[in-house]
Amino acid sequence: MATDLSARLSAHENKGLYRKRLTLEGPQATDVTIDGKRYLAFCSNDYLGLANHSALIEAACHGARTYGVGSGASHLITGHSTAHHALEHALAQFVGLPQALLFSTGYMANMAVITALVGRGDAVFADKLNHASLNDAIVLSRATFTRYPHLELARLERCLADTKASRKLVATDAVFSMDGDIAPVAELLALCERYDAWLLLDDAHGFGVLGKQGQGILHAVDGFDLQSPRLIYMATLGKAAGVFGAFVAAQPEVIAALIQFAHSYGYTTATPPLLAHTLLTSLSLIEREVWRREILTAHRLRLSRGLQSCRWPLLPSATPIQPLRVGRSEEAVRLSAALREQGILVPAIRPPTVPKGEARLRISLSAAHSKEDVDRLIEALHAVAGNV
Ligand SMILES: *Cc1c(COP(=O)(O)O)cnc(C)c1O
């Protein structure tokens, strides 16, 4: 047993897949300290720069004084507080759907939706580049699992037309986490309407970032009315919202089913109410401070202009996720290491997280970056291009 495990671990290491954690000495920020050394970081999902915002720190302290630090029970016993309740109400209003339900993490929210709505004999169709939490949830649900090639809606339509399952669900990232591209939500919803399927949209990277007020993918294009009883919206609160947690927004009947049937809702301790309290402040910053999204757009344009003549191309992305396609894993790792020597952190993303031959640097921009930070990254990439 033990030798088998060490063999697996060394095989993993020999393939260059061994993951090591960096230990931050201080808060999440664009300027982080690791092993006593300071780095300019383009790694986090703190797109709006809220994770270390003074108003949120104040709200967290106030929340702790009001509610204590632990929720002490699951939502179905006595863990549900007025702070959770107020946040659920505010989130539903903000994204424009009838009702919302809070979860401790996005991983658990995806588990809940998929396992509560489908089971053995049902069919789930998923984009090939979806987040791992959606895939894990589908396996756990025991439904038939079909992955369609990335954004190939014609293939998805054939799958929907061919299935004999009575209950069908389509699951997709709204913003793809390793590519930064955006799913064609209106077309997906039209397909789901035509074939009577649920549509689960995972907007982990769109909430707070897309839409004028940051309401996410459903508000990314003006004039769209993406209301539908088949739509189930999921977003996380630990990325652009800067805190922790996730929520699902949908019709009251769907929310009721999650409360009744989802194990990742009922069989787990409620998230500390102080976090829900903090998120109410975060939500109002997301909504009011439009300039954070404007800065993100300006950084994105600056980066793409600055890297036009670079050896590696940026993948087309209208989001703060800006992948630089390198190709070979070893080269991506060497490039990431060369930047690190210059005091800049950008993670190399390799298979199996991305397809073979598509290793990349995943540059994440934040409203907390300055223009000078973006310029420093551009200059460093040009400088290392000759030596990697
Ligand atoms: C991060 C992420 C999740 C998981 O959310 P957590 O709150 O971090 O558990 C789910 N889906 C996507 C697309 C993500 O990027």
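Residues numbered from 1 in each chain as written. Predicted model: local features only at pLDDT ≥ 70, side-chain atom pairs only at ≥ 80, totals over all residues. Heavy atoms only, no water.

Our working definition: UniProt positions are given in the numbering used here, feature names are shortened, and annotations may be inferred rather than shown by experiment.
The name given to the chain in an unreviewed UniProt entry is 8-amino-7-oxononanoate synthase, and the organism recorded there is Nitrosomonas nitrosa. The heading Function (unreviewed entry) in the UniProt record of the chain holds the text "Catalyzes the decarboxylative condensation of pimeloyl-[acyl-carrier protein] and L-alanine to produce 8-amino-7-oxononanoate (AON), [acyl-carrier protein], and carbon dioxide." The heading Pathway (unreviewed entry) in the UniProt record of the chain holds the text "Cofactor biosynthesis; biotin biosynthesis."

## Quick look at the overall build of the chain
Stated precisely, the cut-off is as follows: In DSSP terms, a helix is any run of H or I states spanning at least four residues, a strand is any run of E spanning at least two, and both are numbered starting from the N terminus. What makes two residues a contact is simply this: any of their non-hydrogen atoms within 4.5 Å. Working definition of accessibility: Shrake-Rupley area with a 1.4 Å probe, residue cover restricted to the visible protein chains. In this charge count, Lys and Arg are treated as positive and Asp and Glu as negative; neither His nor the chain ends contribute. Here the site of a charge means NZ on Lys, CZ on Arg, CG on Asp, or CD on Glu.
Each helix and strand in the chain was counted, giving 13 helices and 13 strands. Dimensions of the chain, computed from the C-alpha atoms along their principal axes, are close to 55 × 55 × 55 Å. In the chain, 70% of the contacts between residues at least 6 apart in sequence involve partners at least 24 apart. Here the chain displays about 17800 Å² of accessible surface, and carbon together with sulfur accounts for 53% of that area. Here the chain holds 38 positive side-chain charges and 36 negative ones, and the gap between their average locations is 5 Å.

## Observations concerning the UniProt feature "binding site: pyridoxal 5'-phosphate" (unreviewed entry) in the chain
Rules: Working definition: with a 1.4 Å probe on protein chains only, accessible area under 20% of the residue-type maximum means buried, over 50% means exposed, and in between means partly exposed. Here a polar contact is taken to be a pair of N or O atoms separated by no more than 3.5 Å, where protein atoms must pair a possible hydrogen donor with a possible acceptor and residues adjacent in sequence count only if both atoms sit in side chains.
The feature "binding site: pyridoxal 5'-phosphate" (unreviewed entry), as annotated in UniProt, sits at Gly106, Tyr107, Ser177, His205 and Thr236 in this numbering. These annotated residues cover 131 residues of sequence, and their C-alpha atoms all fall within 13.7 Å of one another, placing them together at a single site. Along the polypeptide, Ser177 turns up in the loop between strand 6 (168-173) and helix 7 (185-194). Sequence-distant contacts of Ser177, that is, excluding residues within four places in its chain, are made with His131, His205, Ile321 and Arg362. With respect to the helices, strands and loops of the structure, His205 is situated in the loop between strand 7 (198-202) and strand 8 (231-236). The exposure class assigned to His205 is buried, which follows from its relative accessible area of 5%. When near neighbours in sequence (up to four residues on either side) are disregarded, His205 contacts Asn45, Tyr47, Val175, Ser177, Lys239, Ile321 and Arg362. There is a polar contact of 2.7 Å between the side chain of His205 and the side chain of Tyr47.

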